[in-house]
Amino acid sequence: MKKELHLQLRQLREERNISLETLALKTRIGTGKLEAYEAGNETPSVQTLLKLSNALEVPASNLLDGLQNA
């Protein structure tokens, strides 16, 4: 079973030793919004998922799979 998106986002960010602030700068998404995504309180749009996948250096399909399980 694939992980839910919010868990996957946090794990990928932590595995890469990227702070929320650094990810915010790379994606131009506010830290508050990123925290909401990681907490599972909000769901990012597909466009936002593409930004996140680029910044985290993972295929977008990995994150889209997590979105389908959410």
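Up top you'll find the structure we're talking about.
Below or above, wherever it landed, is the structure these notes cover.

**Section: the side chain of Ser-53**
Thinking step 1. Tracing the chain through its elements places Ser-53 in helix H4 (residues 46-56).
Thinking step 2. With a relative accessible area of 3%, Ser-53 lands in the buried category.
Thinking step 3. In this view, Ser-53 contacts Val-58, Pro-59, Ala-60 and Leu-63; residues no more than four positions away in its chain are not counted.

**What to know about the pattern of salt bridges**
Thinking step 1. Within this structure, the stated rule accounts for four salt bridges.
Thinking step 2. Measuring nitrogen to oxygen at the nearest pair gives 2.5 Å for the salt bridge that ties Arg-13 to Glu-38. With a gap of 25 residues between them, Arg-13 in helix H1 (residues 5-15) and Glu-38 in helix H3 (residues 31-39) connect regions that are remote in the sequence.
Thinking step 3. Residue classification places Arg-13 among the buried positions, given a relative accessible area of 10%.
Thinking step 4. A relative accessible area of 4% places Glu-38 in the buried class.
Thinking step 5. Lys-33 is paired through a salt bridge with Glu-42; the nearest N and O atoms lie 2.8 Å apart.
Thinking step 6. Taking the relative accessible area as the measure of exposure, Glu-42 reaches 34% and is therefore partly exposed.
Thinking step 7. Here the salt bridges do not stand alone but share partners, grouping Arg-10, Arg-13 and Glu-38 into one network.

**Quick notes on the packing of H1 against H3**
Thinking step 1. In contact at an axis separation of 6 Å, H1 and H3 are set at 120° when each is read in the N-to-C sense. Classified by the interaxial angle, the pair formed by H1 and H3 is oblique. Residues His-6, Leu-9, Arg-10 and Arg-13 of H1 lie in contact with H3, whose contacting residues are Tyr-37, Glu-38 and Ala-39.
Thinking step 2. A breakdown of the residues in the contact of H1 with H3 according to their chemical character gives three nonpolar, one polar and three charged.

Thresholds, definitions, all that
Along each chain, the written sequence defines residue order, and numbers are assigned to residues from 1. For this predicted model, a pLDDT threshold of at least 70 governs which residues receive local features, and a threshold of 80 or more governs which side-chain atom pairs are given and counted, while totals over whole chains, interfaces and linings are taken from all residues. Note that water and hydrogens are dropped before the side-chain values are worked out from all heavy atoms of the structure. Secondary structure counts use DSSP, requiring at least four H or I residues in a row for a helix and at least two E residues in a row for a strand, with both numbered from the N terminus. Per-residue accessibility, obtained with a 1.4 Å probe over protein chains only, is compared with the maximum for each type, and a residue is labelled buried under 20%, exposed over 50%, and partly exposed between these values. Contacts: residue pairs with any heavy atoms within 4.5 Å of one another. We count a salt bridge whenever a side-chain nitrogen from Lys or Arg sits within 4 Å of a carboxyl oxygen from Asp or Glu. In this analysis, axes come from line fits to C-alpha atoms, helices being fitted only over the stretch in contact, and the angle between any two N-to-C directions falls in the range 0 to 180 degrees. These descriptions rest on fixed angle ranges, namely under 35 degrees for roughly parallel, over 145 for roughly antiparallel, 65 to 115 for roughly perpendicular, and the rest for oblique. Residues are grouped as follows: Ala, Val, Leu, Ile, Met, Phe, Trp, Tyr, Cys and Pro are nonpolar; Asp, Glu, Lys and Arg are charged; all remaining types, including Gly, are polar.

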